[in-house]
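A look at the structure
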Amino acid sequence: MDTSVLDLDRLTVADTAIAGGKGANLGELLGKGFPVPPGFVVCAGAYASYLGSLELGAELLQLRNAPPEEITQCCSVIRSRVEGQDLPTGLAEAITGAHARLIENRGRGIVCAVRSSATAEDLGAASFAGQHGTYYYVDAAQLLKKVRQCWGSLWSPEAVSYRMTHGIDHASVSMAVVVQEMIASEVSGVSFTANPVTGARDEVIIESSWGMGAAIVDGRVTPDRYVLERGDLRVRTQRVSDKKLMVTSRLEAGQAARLDEVPNAKRRQESLTPAMVRTVAQWSLKCESHFGKPQDVEWAVCDGNFYLLQSRPITVMGREDIGRDIQGKYVVFKPLVENFSDPLTPLTEDLMTRLLPPGIRFIRGWVYLDVEAIRRLLPFKVSAEALAEHLYSVSKDFPGWKISLARLPALLVMGFIFFLVYAVLLLRTRSLPDDALGSFRTLCETVVADPSLGPADALVRLLLLPRLADPVGNMPLLVNLASFRFMSWMRMLKRLIRRWAPDLRDDAETVLGSGSEGVLSAEMGRGIWALALEANRSARVRQTLLTHSPERALAELKGNAEAQDFVHRLDAFLAINGHRAIKEFELRSPRWDENPAAVLGMIRNYLLIESAPSIHERKAAEARAQLIHELQTRLEPLPLERALRLRLRLILFVAERVRYFLKMRENSRFYHIMGFGVLRKKILRIESELMRQGKLKCKDDIFFLHMDEVTGLQAGRLAWLEVEDRIRERRILHIRLCKMGPPKAIGIELPEKYAPATQHEGATLLQGQPASPGAYEGRARVILDPSIDLELKPGEVLVAPYTDPAWTPLFLTAGAAVVEVGSYLSHAGTVAREFGMPCVVDVAEATQSIRTGDRIAVDGNLGSVRIFPQRTDA
C-alpha cells in the first residue's frame, strides 16, 4: 500500500516523523472527535524521495558553508529547484486521487487549504510559526504546484536562518504537507490556554476578527481580544478593535488580492458572541487537556459551527528574550516610550536610526541609552546601576553625585568644544517668537513636491543636516534639543524657592513654570473646542457626530449642505494640524489629514461637556497668581525685599525662562512631527507604485521592510517572492513585542521602585509616581488607543498605557489620569498640571489591573491609585 499520502483520520500524535507536527496533531484531534476539517497528508517520506531525486548535494554543501551575506542567494537556488520540477507520476496520482476522494459527493464547490507541516515544527522547543508555506483557495488545478511551494518554503532564508540559530541540522528536517477542506470562515482567530508572554496559567486569551485567520496570524489586523478567567470562563477584560482589513473566505472571479477592507458598520463591531467566546475557550482547554500542556489554538467559525484548524504547544517569549545576545548595559529611553510604548516598525526604525547620536540605539524597535557610554561622559563618581536608575526615572531632582576629579579635566575640554559648536544654536534660540518655526511648513511643502527626494533624502534635508543658511525655524529637531535648557532653569527655580521660601507648597516651581499661552498642542485643543462650538450651532451636525461612528459621520457631513460650514472649518483645522497622529513617532501611523476619525471622536467628547478649555486655563492662571502673591508675602520679611523686590523679580524671571523653554520643547516637536509626516507621504507614494507594479501585494507591508529592501524592490534587485516571508515574519514578531512592552533595562538589573498591587482597607492599591498634585475619585475609563476608544465621559478617570500630544483633548474631559509609563516631566504630567487635575504615572499594568467602570481614587500627591471593590446596591 502507498504510504506517501495518508488520510488525516489515520494519523496520531505518534506520527510526527511522517506527518510533521501540524499533521500529527490534527490527525490525533480528528481521531478523538474534535471538530477538525477533513483532509489528507502528503507525508515527509515523499518529500525526502523527491529531494533526493534533485541531487542537490553541492548546493546543500555550499549553503552549509556560506557566509551570512550569501545565504539568501544559496536559498534561492535550492528553492527554485524544489518548486520548479514536476512531481513523480506515482506521487502526483496519489495526491490527486486523495483530493478527488476529499471533495466527492460534497454537493458544493470545495477548495482546500494547503499547509506545510515540518518534522521539526511546533515541537515546543522550536517554533517555526509563520516561516513555512500556507496557501488558500486551492483547487485541483493548483494542488501539485502548491505542494511543491510548501516544500520550497523549507528553504526560505528566514527558515534556514532560524534552523541555524537554533542548531537544527538542515538534513534532520523534512516536510509533510497537510491538505484540508478550507473553511469559509466568517470569524476566525487564535486562543492561548496560558498567557504567551508571561506564562501565567490562570487565564485564557482569545483573539478574533472577521474572515479568515491569516489576517491575524500574519499580523495584518488588530483583533478583538478577550481575557477569560480560567476557572469559570468569566470574561475578565475585553477589547473591541478597529478591524480595518479581513482575508476573504472566497475569491471572486478575476480577484487577485485576498485582503479586503471590512465594511465600516462591522469594523468596531464585536466579532464573537458571548456564547461563541465560551465555545472557543472550552475547545481550547480540551486541546490542552488532551495534549497535557498549554496550547496555541487556531480556529474558525462558519455557519455558526466551530472548527479547530491547529493546536500546538505555546512558545513563551518573555521580556528577557528581547535583550538576548545584546552586549552592554542599556536602559530604555523613557521620554520616547512614555509617548509611544509600541516598538517601531522596521522601516521607521531604519530611518530613525540615522537621527540617533552616539550612546543611543534601537533594540527590537525601542530606543535604549548606552549606560556605560553615558557614564564615561559624566564627571561624576556613579555606578552603572545608579546611573541607569536615574536615567529611567527622568527625575526633576539632581541626585547629588560626587565629582570625579580624575575625569574632570578631559570632560571640561570636551564640554567647552561642544559648547563652542552648540553656542550658536543656543544664542539663536534664546528668544524666539511663537511663530519662529512657521517657515518649516514651507520647507516641508517644498520637499514633498520634489520627486527627486526619497524618504532618506527628505529625512536628511528636514531633520538631520539643515543648510547653514537656513533660518533657525527650519531646524525643529535642533531647536528641540536646545529646549532642554528648561531642566537647568527648573532646578535653579526650585533652589531659589527652597532657599528663600522653604515653606511654600511642594509643587511651587511647577505651578510657576506652567502656562499654555502660545503652546501649539494647547492651541490644537482650542481648535477642536472651536469645532465643537461650530457643531453645536446645527442640531443636524451635532446629532450626526453623537450617533454615528466617526467614519460614517464624516461621509454624511460631507454630503449634507447644512454641515458645510463645519466641514470647511474642519478642513482649515486639518490644514494646520493634519500631520498629527496617534503614535505619531511611528511612520506607519495614519495622519489626521488622511483619516480625521480621531479628531471627530474628540469633537464628540467635547459635545458632551459644558466647560471650555479656557475655564481650566483660567483656573491654572488664578492658581499661579495666588501662588505669586503667597511667594511675595513670604519674601517681604527678607532684607530690602519690600523696597526692591529683587528676589521676587529673579524668581519670576527664572520661571519665565522655564515656561519659554517648555513652550519651545512642545512647539518644536509639533514641527519635527510635521517632518515625519513628509517622510510618510514619500513612503506611501513608493508603496503605491510598487503595488501598481505587483512588487508589493498589500498596503502597509512596506513598513515591515528595511530601506535597502525598498530600494531593491524599486530597482528590480528584489521581487515580491523574496520579501514576502520577511514581511510575514516581521509582522508576527512585531505583534508579540507589542504585547510585551519594552524591558526597562538590558544587561543590568533595575530595582523595582514601586511595590506590586496590594490590598489596603478593602481596596486594591497600585503605586506609581506622582506627576500632578490633587486627589480625585471617580469611574475609570480604560483607553488603549484614542483613535478607537473615542468615548470619555465628563469626570471619568482616564487610564492609558501612554499619552502624547494627540491625547491632549481627552484631558479636558477627564477628572484625573492614570498612565502606565511616564515621569514627572512626561506629556501626561505636563498637561495634567496645566489643567489642574491629579495624575499618577509609571503605574505598572494599570490598563490590565483597572477595568472600565471601576471606582478608583487617584492621589497625585502620593502617587497612588486605589481600586474599590464592586458594590452591590440593595
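Quick caveat: nothing in here was measured; it's all calculated off a predicted structure. Residue positions are counted from 1 within each chain, in the order its sequence is given. Predicted model: local features are reported for residues with pLDDT of at least 70 only, side-chain atom pairs are reported and counted for 80 or more only, and whole-chain, interface and lining totals are derived from all residues. To obtain the side-chain values, all non-hydrogen atoms of the structure were used and water was disregarded.

**A few points about the overall build of the protein chain**
Using the following cut-off: Note on conventions: DSSP H or I runs of at least 4 residues are helices, E runs of at least 2 residues are strands, and numbering of each starts at the N terminus. The globule rule is 2.2 Å times the number of residues to the power 0.38, and the radius of gyration it is compared with is taken over C-alpha atoms. Buried residues are those whose accessible area, probed at 1.4 Å on protein chains only, stays under 20% of the maximum for their type, while exposed residues exceed 50% and partly exposed ones sit between those limits. Note on definitions: a residue-residue contact is assigned when non-hydrogen atoms from the two residues lie within 4.5 Å. Per-residue and other accessible areas follow the Shrake-Rupley method at a 1.4 Å probe size, with only the shown protein chains counted as cover for residues. Within this scheme the basic residues Lys and Arg register as positive and the acidic residues Asp and Glu register as negative, but His and the chain ends are omitted. For charged residues, the charge sits on one atom: NZ in Lys, CZ in Arg, CG in Asp, CD in Glu.
Counting its secondary structure elements, the protein chain contains 34 helices and 28 strands. Its C-alpha atoms give the protein chain a radius of gyration of 30 Å, near enough to 29 Å, the size a compact globule of 874 residues would have. Taken over the C-alpha atoms alone, the protein chain extends approximately 110 × 70 × 60 Å along its principal axes. Residue burial in the protein chain is summarised as follows: out of 874 residues, 55% are buried. Residue pairs at least 24 apart in sequence account for 68% of intrachain contacts in the protein chain once pairs closer than 6 positions are excluded. When the accessible surface of the protein chain is summed, it comes to about 38,000 Å², and 54% of that surface belongs to carbon and sulfur atoms. Positive and negative side-chain charges of the protein chain, numbering 107 and 104 respectively, have mean locations separated by a distance of 5 Å.

**Description of helix α31 (residues 720-740)**
Selection criterion: Here the expected length of a helix is defined as 1.5 Å per residue gap, with one fewer gap than residues.
Across its 21 residues, α31 extends 30 Å between first and last C-alpha, which sits within 8% of the 30 Å expected from 1.5 Å per residue. The positive-phi residue at the C-terminal boundary of α31 is glycine 741, with phi of around 80°.

**Things to note about the packing of helix α3 (residues 57-64) against helix α4 (residues 71-84)**
What describes two packed helices is the angle between their axes and the distance between those same axes. Formally: For helices, the axis comes from a line fit to the C-alpha atoms of the stretch in contact; other axes are also lines fit to C-alpha atoms, and the angle between any two N-to-C directions lies between 0 and 180 degrees. By the definition adopted for this analysis, an angle is roughly parallel if under 35 degrees, roughly antiparallel if over 145, roughly perpendicular if from 65 to 115, and oblique otherwise. Each helix crossing is assigned a hand: it is left-handed if the near helix lies turned anticlockwise from the far helix by less than a right angle, otherwise right-handed if that turn is clockwise. Each residue is assigned to one of three groups, with Ala, Val, Leu, Ile, Met, Phe, Trp, Tyr, Cys and Pro labelled nonpolar, Asp, Glu, Lys and Arg labelled charged, and all others, Gly among them, labelled polar.
Running from N to C, α3 and α4 cross one another at 155°; their axes reach a closest spacing of 9 Å. Relative to α4, the element α3 is oriented roughly antiparallel. For the element pair α3 and α4, the recorded crossing hand is left-handed. Contact residues: Glu59, Leu60, Gln62 and Leu63 in α3; Ile71, Cys74, Cys75, Val77, Ile78 and Arg81 in α4. For the contact of α3 with α4, the per-class residue count stands at seven nonpolar, one polar and two charged.

**Quick notes on the sheet that holds strand β16 (residues 366-370)**
The condition is simple: When DSSP locates at least two bridges between a pair of strands, those strands are taken to pair.
The four strands lie next to each other as β15-β16-β14-β19, forming an open sheet whose pairing is antiparallel. Each edge of the open sheet is held by one strand with a lone partner, namely β15 (360-363) and β19 (745-746). By the bridge criterion, two bridges tie strand β14 (residues 330-332) to β19 in an arrangement that is antiparallel. Bridged to tyrosine 330 within β19 is isoleucine 746.

**Some thoughts on the sheet that holds strand β4 (residues 134-138)**
Here five strands make up an open sheet; going across it, the order is β1-β2-β5-β3-β4 and the pairing antiparallel. One side of each edge strand has no neighbouring strand; the edge strands of this open sheet are β1 (5-7) and β4. On average, each strand axis in the sheet is inclined to that of its neighbour by 20°, with strand direction left out of account. Pairing of strand β3 (residues 112-118) with β4, which is carried by three bridges, proceeds in the antiparallel orientation. Bridged to arginine 115 within β4 is threonine 134.

**Comments concerning the packing of helix α18 (residues 455-464) against helix α29 (residues 646-692)**
Here α18 crosses α29 at 165°, and the two axes come no closer than 9 Å. Regarding the angle of α18 to α29, the classification is roughly antiparallel. α18 and α29 meet at a crossing whose hand is right-handed. Here Pro455, Ala458, Leu459, Leu462 and Leu463 of α18 come into contact with α29, specifically with His672, Gly675, Phe676, Val678, Leu679, Lys682, Ile683 and Ile686. For the contact of α18 with α29, a count of residues per class yields ten nonpolar, two polar and one charged.

**A closer look at a nonpolar patch on the surface**
Selection rule: Here, patches come from residues exposed beyond 30% relative accessible area and free of salt bridges, joined within 9 Å for like charges and within 5 Å for nonpolar side chains (Val, Leu, Ile, Met, Phe, Trp, Tyr). Salt bridges, as used here, are contacts in which a Lys or Arg side-chain nitrogen is within 4 Å of a carboxyl oxygen on Asp or Glu.
There is a patch of nonpolar side chains on the surface, built from Val413, Phe416, Ile417, Phe419 and Leu420 and spanning about 510 Å² of accessible area. Looking at where leucine 420 falls in the secondary structure, it is placed in helix α16 (residues 408-428).

**Considering helix α26 (residues 597-607)**
Counting buried positions along α26 gives eleven out of eleven residues, so the element sits mostly inside the fold. Buried residues of α26: Ala597, Ala598, Val599, Leu600, Gly601, Met602, Ile603, Arg604, Asn605, Tyr606 and Leu607, and no others.

**Re the side chain of lysine 663**
As a reminder, the rule being used: The definition of a polar contact used here is a pair of N or O atoms within 3.5 Å, where within protein one atom must be able to donate a hydrogen and the other to accept one, and adjacent residues in sequence count solely through side-chain atom pairs.
Looking at the element boundaries, lysine 663 is found in helix α29. In this structure the side chain of lysine 663 is engaged in a polar contact, spanning 2.7 Å, whose partner is the side chain of aspartate 434. Among all residues touching lysine 663, those that are not within four sequence positions of it are Asp434, Glu517, Gly518 and Val519.

**Regarding the packing of aromatic side chains**
Put simply, the rule is: When the centres of two rings from Phe, Tyr and Trp lie within 6.5 Å, Trp using its six-membered ring, the rings pair. Their planes under 30 degrees apart give stacked, over 60 give edge-to-face, and anything left gives tilted. Only Lys NZ and Arg CZ are tested; either one counts as a charge over a ring when it is within 6 Å of the ring centre and within 35 degrees of the ring normal.
Counting across every chain of the model gives 13 aromatic pairs. Geometrically, the ring pair formed by tryptophan 283 and phenylalanine 306 is stacked, given 6.3 Å between the ring centres and 5° between the ring planes. Of the two residues, tryptophan 283 sits in helix α10 (residues 274-291) while phenylalanine 306 sits in strand β13 (residues 305-313), which places them 23 residues apart along the sequence. With relative accessibility at 21%, the residue tryptophan 283 sits in the partly exposed group. Using a relative accessible area of 8% as the deciding quantity, one classes phenylalanine 306 as buried. Through a chain of ring-to-ring contacts, the aromatic side chains of Phe34, Trp283, Trp299 and Phe306 assemble into a single cluster. The ring centre of tryptophan 210 lies 4.0 Å from the NZ or CZ of lysine 266, which sits over that ring.

**Notes on the pairing of β15**
Examined bridge by bridge, β15 and β16 share four bridges and lie antiparallel to one another. Residue pairing in the sheet places arginine 361 in a bridge with tyrosine 368 of β16. Here β15 folds back onto β16 in antiparallel fashion, the turn holding two residues, of which arginine 364 has a positive phi close to 55°.

**Some details on the environment of leucine 378**
Relative to the helices and strands, leucine 378 resides in the loop between α14 (371-376) and β17 (380-381). For the pair leucine 378 and serine 404, spaced 26 residues apart in sequence, the C-alpha separation works out to 8.7 Å. Among all residues touching leucine 378, those that are not within four sequence positions of it are Leu387, Arg407 and Leu411.

**So, the side chain of glutamine 295**
Mapped onto the fold, glutamine 295 is located in strand β12 (residues 295-302). Within polar-contact distance, the side chain of glutamine 295 engages the backbone oxygen of lysine 293 at 3.2 Å.

**Quick notes on the pairing of β16**
Of all five residues in β16, five are buried; the element is thus mostly enclosed. With burial as the criterion, each face of β16 is covered, one bearing Trp366, Tyr368 and Asp370 and the other bearing Val367 and Leu369. In the sheet, β14 pairs with β16 via three bridges, with the strands oriented antiparallel. Paired with valine 331 across the strands is leucine 369, a residue of β16.

**A closer look at the pattern of salt bridges**
Tallied over the full model, the rule gives 40 salt bridges. The salt bridge partner of arginine 79 is glutamate 83, with a shortest N-O separation of 3.0 Å. Here the residue arginine 79 and the residue glutamate 83 both occupy positions in helix α4, the gap between them amounting to four residues, near one helical turn. Assessed through its relative accessible area of 23%, glutamate 83 is described here as partly exposed. Members of the salt-bridge network, linked through shared partners, are Asp202, Glu203, Glu229, Arg234 and Arg236.

**Examining the state of the cysteines**
This is how it is decided: Two cysteine sulfur atoms make up a disulfide if the distance between them is within 2.5 Å.
One pass over the structure, following the stated rule, counts zero disulfides. Cysteine cysteine 43 is unpaired, with the sulfur of cysteine 150 as its nearest cysteine sulfur at 14 Å. Residue classification places cysteine 43 among the buried residues on the basis of a relative accessible area of 3%.

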